[in-house]
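Residue strings, one per chain:
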Amino acid sequence: AVFEEAWESAVGGAKVGSKTLRTQGRNVLVPRCAEDKGVARFSFWDLCGKSKGAADYLLIAAAFPTVFLEDVPTLDMSQVNVVRRFITLVDALYENECKIVVRAAARPDGLFQVDLEDKNRDEAFAFDRTRSRLEEMMSQEWLKRTRRKDP
């Protein structure tokens, strides 16, 4: 209910529709957005479960100062490509000073289950940065900030 209330507040009665962004000859579908408010909404699997990369995420970050991301599951190394995309998404949003509102299966410190003996332990260290960034992006200080870069 809190996620939906935050969405309604961010949209503020503006028209909600879909939009297609284009980058490097590819289309990036934004399934729900209020362009006038700079707010977009995605499911985790639409952004991280499909073949997307940094250019896609940077395009979204440039177009929408606020991104709502729902249905973020807990992850482990059996989903290494999904984990890598999520790390890249959070990096793009963070570096573009976006606000992110997340509905997830766990708090940031419980989203990623890792075995440090795993051959993909580099992702574990990268995800620690992602966890830290998500926690910072959830802070009142971050949420009160105004993005310095204008799209």
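Owing to the predicted nature of the structure, the values given are computational and were not obtained by experimental measurement. (Residues numbered from 1 in each chain as written. Predicted model: local features only at pLDDT ≥ 70, side-chain atom pairs only at ≥ 80, totals over all residues. Heavy atoms only, no water.)

Participant: I tried to follow helix α4 (residues 80-95) on my own but got confused; where do I start?
Facilitator: Residues lying three or four places apart along an α-helix face the same way, a consequence of the helix completing one turn every 3.6 residues. Relative to the 22 Å expected for 16 residues at 1.5 Å per residue, α4 spans 22 Å between its end C-alpha atoms, a close match to the ideal helical length. Burial analysis of α4 places twelve of its 16 residues in the buried class, which makes it a mostly covered element. Restricting attention to buried positions, one finds in α4 the residues Val 80, Val 82, Val 83, Arg 85, Phe 86, Ile 87, Leu 89, Val 90, Asp 91, Ala 92, Leu 93 and Tyr 94. Count one or two residues on from α4 and you reach Glu 97, which has phi positive near 55°. (Helix = DSSP H or I, 4+ residues; strand = E, 2+ residues; numbered from the N terminus. Expected span 1.5 Å × (residues − 1). Buried < 20%, exposed > 50% of the residue type's maximum accessible area, 1.4 Å probe, protein only.)

Participant: Just checking my understanding: could you explain the sheet that holds strand β6 (residues 99-104) for this structure?
Facilitator: Pairing between the strands of a sheet is mediated by backbone hydrogen bonds and can be parallel or antiparallel. Taken in spatial order, the five strands of this open sheet run β1-β2-β3-β4-β6, and their pairing is mixed. The sheet is open, and its two borders are formed by β1 (17-23) and β6, each paired with just one other strand. Within this sheet the neighbouring strands show an average axis-to-axis angle of 30°, counted without direction. Sheet topology places β1 next to strand β2 (residues 26-34); six bridges connect them, and they run antiparallel. When the bridges of β2 are listed, Arg 22 appears paired with Asn 27. Across the sheet, helix α3 (residues 54-63) is in contact with β1, β2, β3 (39-43) and β4 (66-72); its angle to β1 comes to roughly 125°. (Pairing = 2+ DSSP bridges. Axes fitted to C-alpha atoms, helices over the stretch in contact; angles between N-to-C directions. Contact = heavy atoms within 4.5 Å.)

Participant: What exactly am I supposed to notice about the side chain of Thr 130 here?
Facilitator: By secondary structure assignment, the location of Thr 130 is in helix α5 (residues 121-137). You can call Thr 130 buried: its relative accessible area is 0%. Dropping the residues within four chain positions of it, Thr 130 is found in contact with Phe 86, Ile 87 and Val 90.

Participant: Is there a simple way to think about the environment of Gln 24 in this case?
Facilitator: Among the secondary structure elements, Gln 24 is positioned in the loop between β1 and β2. Once the C-alpha coordinates of Gln 24 and Leu 93 are considered, the two residues, 69 residues apart in sequence, prove to be 19 Å apart.

Participant: Which parts of the structure should I look at to understand the pairing of β4?
Facilitator: Regular strands place their side chains on alternate faces of the sheet. By the criterion of burial, β4 is predominantly enclosed, with six of the seven residues buried. Bridging between β3 and β4 involves five bridges; their strand directions are parallel. Paired with Val 39 across the two strands is Thr 66, which belongs to β4. Two elements, β4 and β6, share six bridges in a ladder whose sense is parallel. Directly across from Phe 68, in β6, lies its bridge partner Val 101.

Shape descriptors only; they carry no functional weight alone.
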